[in-house]
Amino acid sequence: MTQRFVMALLIILSLATSSIADVTLPSYPKGKGEHCVEPTDVMRRDHFEYLMHHRQISVHLGVRSKRHSLVGCVDCHASQADDGAYIPVNEPGQFCGSCHIYTAVKIDCFSCHAAVPDAVVKQ
Amino acid sequence: MDKIRFQVLAGTHTGYRLLLWLLIILIGIGLIAAHHMESQGHWVTGMDNRVVWGLPHVFAIFLILSASGALNTASISSVFGRSDYQPLARLSGLLAVTLLTGGLAVLVLDLGRPDRLVVAMTYYNFSSVFAWNVFLYTGFMLVVLIYLWVMMTPQMRGYVRSVGVVALIWRLILTSGTGAIFGFLVARDAYDTAIMVPLFILMSLSLGMAVFWVSTLTMCRWNGYRVAPELSEKLRRLSAVFVLGVLFLMALHHLTNIYMAHHQGIERFLLVDGGVYPWLFWLGFVLCGSIVPVWWFLDRRFCTPAWTVTTALMVIVGGLCHLYVTIIGGQAYPLRLVSGYRVDSGLYDGEITHYLPTLPELALGIGGVSLALLITMLAVRILPFLPTVTRPLPGSNQG
Amino acid sequence: MTDPANKPRRRFLGRTGASTALLALVPGVKLVDLALAKDEDEPASVKTRWGLLVDANRCVTDCQACVSACEDEHALAKTGTARLDPQWIRKVELVDESNDRSLSIPLMCQHCEDAPCVDVCPTGASFKRADGMVLVDKHTCIGCRYCMMACPFNARSFVHGEVTGQKSYSPRGKGTVESCTLCVHRVDQDRAPACVESCAVDGHGALTFGDLNDSESTVSKTVRSQPHRELRPDLALNTGVRYRGV
């Protein structure tokens, strides 16, 4: 009885995991400029630490440095559609959206923060 | 005197089963309402930028106050050594925990960001009564659970008194904290007074006893237990004293306000010409919620369980009316923005806000009450909270 | 990335440009006192205390310039129901109870020294910055609305629904509480709040912004020597917003 259960479980798991090979890894349009404010692997690992620290010092202390600000990220990394309108960074295939959807880590930033730069957005 | 034994509820009574299903449905509706409020935003409720706390808060504060007061019977039995109150002590403790759970559920689900509960539990501003209340409420639940444990574990019986004392002091501080939520608000004429604290303490005793009556008598009926007449009389007299106490402090509060010229506006609004608020106050709270119950609690002609439950329900309705007038009426009245001037513009200032509760708010509030009752009803089937019978009621099924 | 060498130059040009423009618009009246420059990497300092002076004698009853400016600056979209709308600043019509004189004033967050909203916030989201601005940290706001209960001026709004189209410098979202920020994003760049600027542009000049701790600023001189008041002096809040002609 237990044997059958284990076999069934293994079959189900292998069916489920076999589809991983078909999943595309995240990709997103290149940002402006030569490189980011931090190296890519550092950013991948630590971007939330930078953002958390920066939100504390900017809101509570009034330190407005651009380097690790969310506005800075959006300014460089928001891509534009063919008509010039900016695409929100949290949409699928965009800077934040691609990895966060892939890893299923829900982010709360853009319920309040603008996901596009302040430049005129054509509707 | 027979040794008191406790037992679980048999759960075969039809009334029990029907109520169980009803409560599950009501909780489901409450959860749907909460989800609707959270996903859409609070525009689906009647609350707005002037009346920021509405019907859910009336229910939440009612549940929290009742939780504190429901522990009364247990406190009397453990702290004041009155062994005749002992059969009902466990139920009293159980109700304290479940009512508080229901109240906190309503409060948390009404937050603008209920997903940030973890933030509320990790970031604290200790000049805020709310921050203290996070510890007071959760700590109270822990203390009462320990209290129940020592009551129900034979080897720990020696600790019942000391834990009972801790629970008593804790609930007095907790209720003071709840009253201070309002009492510490300098901005509003209806609230800026320290009398909110003893008032809320007495309200908790009055409402807690009322909820205790309704729950206990109902479950004892299902279990075939009759509360001893002498005990019932003492508890009814105590209930009457608490109701009178609330009435006294309210009279004191309003009379004092009437002496202050700058508070006469709010008094006239709440007591005379504020529309629904004077009706709720005089008819709901004073007449049906205080005067009549005091009479019925003390008059021997109304001493049967059915009458007692009715009286207790009237106290509960009166308490809800009172909380509605306090919480919502206090916000509906316009602020005195600039001393020496009256405000002539509408919309935000100078006008009374007409708040109308909506279905999601009602569903959330009722859902919280149902949650409290559901947990109680399930708990009494799992653990021996109910006193056993010495003389079975005619026609009851003995568990 | 900004070249550090450009910063002092940009700052000088910016300040000169701004003050010249404003002075040119309403000659003879000094509307904005720009404080000592704050570098963008510097935190706000207790040496500064921002204040706003409202001159009711200059405030025009039916004018909504300050309100519109604030709405545009922060993208405060209407909800369709007036009582649910965000209102960071509003015009209030007052009538003097002693002589029935009527006047109009703008009312916004008073940025109290001893703010009740800061006292009651359970998470500390409602806080007072070192330079006196009372702000909401929306990262930690849980939307309990206790601060709205506590405010004697009904200055705070709750966001009752989804928000879109936010400006990058003014994040706001559903379920949190918000109020006038004294345009902190502008002030940190040595610019005046949007309402002050619009009132000047419209030619009324009823709003003056400046540093209460700077003895040379107009707001500070007025507070020290001219009749003025807080809206609720009985509450002893020591507000940053002061009124003349009320």
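Reading the values: rules and limits
Residues numbered from 1 in each chain as written. Chains lettered and ligands numbered in written order. Predicted model: local features only at pLDDT ≥ 70, side-chain atom pairs only at ≥ 80, totals over all residues. Helix = DSSP H or I, 4+ residues; strand = E, 2+ residues; numbered from the N terminus. Buried ≥ 20, exposed ≤ 12 C-beta atoms within 10 Å, placed from the backbone. Contact = placed C-beta atoms within 7 Å. Pairing = 2+ DSSP bridges. Axes fitted to C-alpha atoms, helices over the stretch in contact; angles between N-to-C directions. Nonpolar A, V, L, I, M, F, W, Y, C, P; charged D, E, K, R; others polar. Arc of directions from axis to C-beta. Parallel < 35°, antiparallel > 145°, perpendicular 65-115°, else oblique. Left-handed = near helix turned anticlockwise from the far one by under 90°.

Enquirer: Where do I start with the overall build of chain C in this structure?
Expert: Looking only at helices and strands, chain C has 7 helices and 9 strands in total. Relative to its 246 residues, chain C shows a buried fraction of 51%. Long-range contacts, defined as pairs at least 24 residues apart, comprise 63% of the intrachain contacts of chain C with a sequence gap of at least 6.

Enquirer: Can you help me understand the sheet that holds strand β9 (residues 241-244) of chain C in this one?
Expert: Through backbone hydrogen bonds, the strands of a sheet pair up, either in parallel or in antiparallel fashion. Residue and element names in this part refer to chain C. One open sheet holds the 3 strands; their spatial order is β8-β1-β9, and the pairing between them is mixed. Unpaired on one side and paired on the other, β8 (207-211) and β9 mark the two borders of the sheet. Each adjacent strand pair in this sheet contributes to an overall mean axis angle of 20°, direction not counted. Where helix α7 (residues 218-225) meets the sheet, its contacts fall on β1 (50-55), β8 and β9, and the angle it forms with β8 comes to roughly 95°.

Enquirer: Could you clarify how one ought to interpret the interface of chain A and chain C in this entry?
Expert: Much of the literature gives interface size as the accessible area that the parts lose upon coming together. Taken together, the contact between chain A and chain C spans 17 residues of the former and 19 residues of the latter. Looking at the side of chain A that touches chain C, the elements with two or more residues in it are α2 (40-61), α3 (70-77) and α5 (109-112) of chain A. Its residues assigned to classes, the side of chain A that touches chain C comprises 8 nonpolar, 5 polar and 4 charged.

Enquirer: Help me out: how do you make sense of the interface of chain C and chain B in this one?
Expert: Taken residue by residue, the interface counts 48 residues in chain C and 39 residues in chain B. Among the elements of the structure, β2 (89-96), α3 (116-120), α4 (146-150) and β6 (157-158) of chain C are those that each provide at least two residues to the side of chain C that touches chain B. Here the element with the most residues in the side of chain C that touches chain B is β2 of chain C; it accounts for 6 residues. Counted by class, the side of chain C that touches chain B contains 24 nonpolar, 13 polar and 11 charged residues. As defined by bridge partners, strand β2 (residues 341-343) of chain B adjoins β2 of chain C across 3 bridges and the pair is classed as antiparallel.

Enquirer: How do you make sense of the environment of Ala 150 of chain C when you look at a structure like this?
Expert: Residue position: Ala 150 of chain C is located in helix α4. A sequence separation of 82 residues divides Ala 150 of chain C from Arg 232 of chain C, and the C-alpha atoms of the two residues are 14 Å apart. Those residues within four positions of Ala 150 of chain C in sequence are excluded, and the remaining contacts are Leu 185 and Ala 187 of chain B together with Pro 116, Cys 117 and Val 120 of chain C.

Enquirer: Before we go on, may I ask you to explain the environment of Arg 342 of chain B in this structure?
Expert: Among the secondary structure elements, Arg 342 of chain B is positioned in strand β2. Setting aside residues up to four positions removed in sequence, Arg 342 of chain B forms contacts with Gly 350 of chain B together with Val 95 and Glu 97 of chain C.

Enquirer: What am I meant to see in helix α10 (residues 264-273) of chain B here?
Expert: Residue pairs three or four apart in sequence face the same way in an α-helix, which turns once every 3.6 residues. Residue and element names in this part refer to chain B. Where α10 is concerned, the buried positions are Ile 266, Glu 267, Phe 269 and Leu 270. The buried residues of α10 all sit within an arc of 165° when viewed along its axis, so they share a single face. Facing away from the buried side of α10 by more than 90 degrees, the exposed set consists of Val 272 and Asp 273. As for α10, its buried residues are in contact with α9 (229-259), α11 (276-298) and α12 (305-332). The first or second residue beyond α10 is Gly 275, which carries a positive phi of 80°.

Enquirer: What should I look at first to understand the arrangement of the chains in this one?
Expert: Where 2 pairs of chains are in contact, the pair with the most contacts is made of chains B and C. Of all C-alpha pairs spanning chain A and chain B, none lies closer than 10 Å, and the two are not in contact.

Enquirer: Explain the pairing of β8 of chain C to me, please; I cannot follow it from the model alone.
Expert: The side chains of a regular strand alternate, first on one face of the sheet and then on the other. With 5 of 5 residues buried, β8 of chain C is to be regarded as a mostly interior element. Residues of β8 of chain C alternate between two faces, with Leu 207, Phe 209 and Asp 211 of chain C on one and Thr 208 and Gly 210 of chain C on the opposite face, all of them buried.

Enquirer: How should I be thinking about the sheet that holds strand β3 (residues 102-108) of chain C in this particular structure?
Expert: Reading across from one edge, β2(B)-β2(C)-β3(C) is the order of the 3 strands in this open sheet, with antiparallel pairing throughout. The open sheet is flanked by β2 of chain B together with β3 of chain C, the only strands paired with a single partner. Looking at each pair of strands side by side, their axes are set apart by 40° on average, direction ignored. Contacting β2 and β3 of chain C, helix α2 (residues 65-74) of chain C runs over the sheet at an angle of about 160° to β2 of chain C.

Enquirer: What is the right way to look at the packing of helix α4 (residues 89-110) of chain B against helix α13 (residues 359-382) of chain B in this model?
Expert: Geometry of a packed helix pair, given as the angle between the helix axes and the separation of the axes. Residue and element names in this part refer to chain B. At a minimum axis distance of 8 Å, the contact between α4 and α13 shows a crossing angle of 150°. Here α13 runs roughly antiparallel to α4, going by the angle between their axes. For the pair α4 and α13, the sense of crossing is right-handed. Where α4 approaches α13, its residues Leu 94, Leu 95, Thr 98, Leu 99, Thr 101, Gly 102, Gly 103, Ala 105, Val 106, Leu 109 and Asp 110 are matched on the opposing element by Leu 364, Gly 365, Gly 368, Val 369, Leu 371, Ala 372, Ile 375, Thr 376 and Ala 379. The residue inventory of the contact of α4 with α13, partitioned by class, reads 12 nonpolar, 7 polar and 1 charged.

Enquirer: Would you mind showing me how to read unusual backbone geometry here?
Expert: Working note: non-glycine residues mostly have negative phi, and peptide bonds are mostly trans. Residues and elements named next belong to chain C. A positive phi angle, near 65°, is found at Arg 145, a position not held by glycine. Mapping Arg 145 onto the fold places it in the loop between β5 (134-136) and α4. Note on Arg 145: 22 C-beta atoms within 10 Å, which makes it buried.

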